[in-house]
Amino acid sequence: MFDLDSRLLNIFYHIYKSKSVSMAADAIGVSQPTISNGLVKIRQHFDDPLFLRVGNEMIPTELAKQIFPLVSEVINKVESINNFSLHFEPSKSDMILTLAMTDVSHLVLLPKISNFLAQSAPQIRINVRPISLETSYQMANGEIDMAIGFLPQLEDGFYQQKLFSQRYVVISRKDHPRINAQNFTIEDYMRELHIDIDTGVGHYQIENALQNSGVKRDILIRLPSYLGVGLMVQETDAIATVPYYLSKVLLSRDNLQILDAPVDFPTYSIKQHWHMCCHHKTSHQWFRKSCYEIFKNMS
């Protein structure tokens, strides 16, 4: 058995993070055959396949999951040392950022981040992952660089910074036969059919506010995310309770209108969250500061 050098550890690290040989090659700046040959050596060292191809992704084995935190710690420490001696230049960086986001953040925040990077750091690339039960673990071991959204479950043990506040509004189609946008009442809200979006924590906030107000909704359809709500409301007489900044994005479809919610729904904070393993990296400090500047005036 031969010893693994830093080059092979780096190959393992980037395949694990990107779930892709080609993306690992792009991140490191070598050819795909170089990555594949390196992976063969790592597999021989551990006598384990380490990654199994499922569709277009390289899925880690149980052994790979166990050793990744150790490899990640080594890679992050080496990068931290390098960052102390190298000035980060966004315009020249080709790093890949892995962000965990809610579906609302996909629609509201990601386009603004992408436009900013196109102007300030055109070679930086982004991988987006959904928020899951494993997000905190993946952030702790360096697999995810940052999480953005309404994520109260990440507030303990992670750095966080508020970007802006969100509130809930109601949307309906513009030519709705029974709704007057200037006089939308609680009776109107209870009378109409609703599209309900069950996204976890945010959904509980809505349900708690409705219960406290004694309001019951007649649910026509329940959706697992906000991605289809605009089209459903546009094509039916049903209404939906959604975050305000999402409603502004959906309004671009023309046949929707925004109504002030007749129920006292709570506001909540959209934050960026990161683990201590990324806290001192100059590249991450630059990106966090940039996100703050992009979104701080949204409220």
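A brief report on the enclosed structure follows. (Residues numbered from 1 in each chain as written. Predicted model: local features only at pLDDT ≥ 70, side-chain atom pairs only at ≥ 80, totals over all residues. Heavy atoms only, no water.)

**Considerations on unusual backbone geometry**
Then comes step 1: Positive phi outside glycine occurs at Lys19, with the angle close to 55°.
Then comes step 2: By secondary structure assignment, the location of Lys19 is in the loop between helix H1 (6–18) and helix H2 (21–28).
Then comes step 3: Exposure remark for Lys19: the relative accessible area of 17% places this residue in the buried category.
Then comes step 4: Not every positive phi belongs to a glycine, and Leu50 is a case in point at roughly 70°. (Helix = DSSP H or I, 4+ residues; strand = E, 2+ residues; numbered from the N terminus. Buried < 20%, exposed > 50% of the residue type's maximum accessible area, 1.4 Å probe, protein only.)

**Some points on the pairing of strand S1 (residues 51–54)**
Side chains on a regular strand alternate between the two faces of the sheet.
Then comes step 1: The sheet contact formed by S1 and strand S2 (residues 57–60) spans four bridges and is antiparallel. Paired with Arg53 across the strands is Met58, a residue of S2.
Then comes step 2: The hairpin turn running from S1 into S2, its antiparallel successor, is two residues long, and Gly55 in that turn takes a positive phi close to 65°. (Pairing = 2+ DSSP bridges.)

**Brief notes about the state of the cysteines**
Then comes step 1: The full count for this structure, using the stated rule, is zero disulfides.
Then comes step 2: This cysteine, Cys291, is not joined by any disulfide, and Cys278 carries the nearest cysteine sulfur, 13 Å off.
Then comes step 3: Overall, Cys291 belongs to the buried group, its relative accessible area being 1%. (Disulfide = S-S within 2.5 Å.)

**Some words on the pattern of salt bridges**
Then comes step 1: Under the counting rule described, the total for this entry stands at 13 salt bridges.
Then comes step 2: The closest approach of N and O atoms between Arg173 and Asp175, which form a salt bridge, is 2.6 Å.
Then comes step 3: Assessed through its relative accessible area of 17%, Arg173 is described here as buried.
Then comes step 4: On the accessibility criterion, Asp175 (46% relative accessible area) is partly exposed.
Then comes step 5: The partner of Arg191 in a salt bridge is Glu192, and the shortest N-O contact between them spans 3.0 Å.
Then comes step 6: Its relative accessible area of 43% is what places Arg191 among the partly exposed residues.
Then comes step 7: A relative accessible area of 2% means that Glu192 is categorised as buried.
Then comes step 8: Linked by salt bridges that have partners in common, Arg178, Asp188, Arg191 and Glu192 make up one network. (Salt bridge = Lys/Arg side-chain N within 4 Å of Asp/Glu carboxyl O.)

**Notes on H1**
Then comes step 1: For H1, with 13 residues, the first-to-last C-alpha span of 18 Å sits near the 18 Å given by 1.5 Å per residue.
Then comes step 2: With 10 of 13 residues buried, H1 is to be regarded as a mostly interior element.
Then comes step 3: At the N-terminal boundary of H1, the capping side chain belongs to Asp5, with an oxygen 3.2 Å from the backbone nitrogen of Arg7.
Then comes step 4: Of the residues one or two after H1, Lys19 is the one with positive phi, at around 55°. (Expected span 1.5 Å × (residues − 1). Polar contact = N/O pair within 3.5 Å; in protein donor to acceptor, adjacent residues only side chain to side chain.)

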